[in-house]
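Tertiary structure, described
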Amino acid sequence: MANGKRKLKRWISAASLGGLAACLLAFPLAASADGLDVTDARMRVLPGDMPAAGYFRLDNTSDKRVVLVGAKSDAFEKVELHRSMNKDGMASMESVSRLEVAPDEHIEFAPQGYHLMLMKPTGALSAGDEVEITLEFERHDPLTVDFEAVPPTSM
Ligand SMILES: [Cu+2]
């Protein structure tokens, strides 16, 4: 049931772009809307209640600056934008309130850098699951992306 709904949603978003683009969009775990492309969306899941980390690449193909300001998901009670850093040899992370992407630029959320901190999962997650996460922007419609859950070792 849930799976059927997800497939339908993906079909609709692909169909809205029409023609050849629809074929290209049939690749899983990619989403596009109005000058934004998200690819390689994946999420490292850890056992139990530990937070998961979400990674992806966001391309701004529009001629305007876009600003990522947050994310949310029904699968987690809390989602924050974070950046990992190394201070005096100590690994730490800080939360990021906004992240600008200039036209024709991209940002990469990847291990040791920017990540979505996905806290308090509302249900059990395991590798292979697909979870919808909605990215939120300043002055741009939100974009919902399927993230694939992967084990920590596959990053
Ligand atoms: Cu974090």
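Under an unreviewed UniProt entry, the protein chain has the name Copper(I)-binding protein and belongs to Halomonas caseinilytica.

1. Details of the side chain of His-115
Assignment of secondary structure puts His-115 in strand β9 (residues 114-121). At 3.5 Å, the side chain of His-115 and the side chain of Ser-84 are in polar contact. If sequence neighbours within four positions are ignored, His-115 has contacts with Ala-53, Gly-54, Tyr-55, Glu-80, Leu-81, His-82, Arg-83, Ser-84, Met-93 and Phe-109.

2. Looking at the pairing of strand β10 (residues 130-138)
Where strand β4 (residues 66-72) and β10 come together, five bridges link them in antiparallel fashion. When the bridges of β10 are listed, Lys-72 appears paired with Thr-134. Relative to strand β11 (residues 140-150), β10 is paired through seven bridges, and the arrangement is antiparallel. Considered in β11, the bridge of Phe-137 is made with His-140.

3. Looking at the side chain of Arg-42
Topologically, Arg-42 is positioned in strand β2 (residues 36-44). At 3.2 Å, the side chain of Arg-42 and the backbone oxygen of Asp-40 are in polar contact.

4. Section: the coordination of the copper ion
Taken together, His-82 (ND1), Met-93 (SD), His-115 (NE2) and Met-117 (SD) make up the full set of protein donors to the copper ion, lying 2.1 to 2.2 Å away. Site description for the copper ion: donor spacing in sequence, H-x10-M-x21-H-x1-M. In this pair, His-82 is assigned in strand β5 (residues 76-87) and Met-93 in strand β6 (residues 90-95), connecting sequence segments 11 residues apart. Owing to a relative accessible area of 8%, His-82 belongs among the buried residues under this scheme. On the accessibility criterion, Met-93 (45% relative accessible area) is partly exposed.

Quick notes on the rules
- Residues numbered from 1 in each chain as written.
- Predicted model: local features only at pLDDT ≥ 70, side-chain atom pairs only at ≥ 80, totals over all residues.
- Heavy atoms only, no water.
- Helix = DSSP H or I, 4+ residues; strand = E, 2+ residues; numbered from the N terminus.
- Polar contact = N/O pair within 3.5 Å; in protein donor to acceptor, adjacent residues only side chain to side chain.
- Contact = heavy atoms within 4.5 Å.
- Pairing = 2+ DSSP bridges.
- Donors = N, O, S within 2.8 Å, 3.2 Å for Na, K, Ca; no water.
- Buried < 20%, exposed > 50% of the residue type's maximum accessible area, 1.4 Å probe, protein only.

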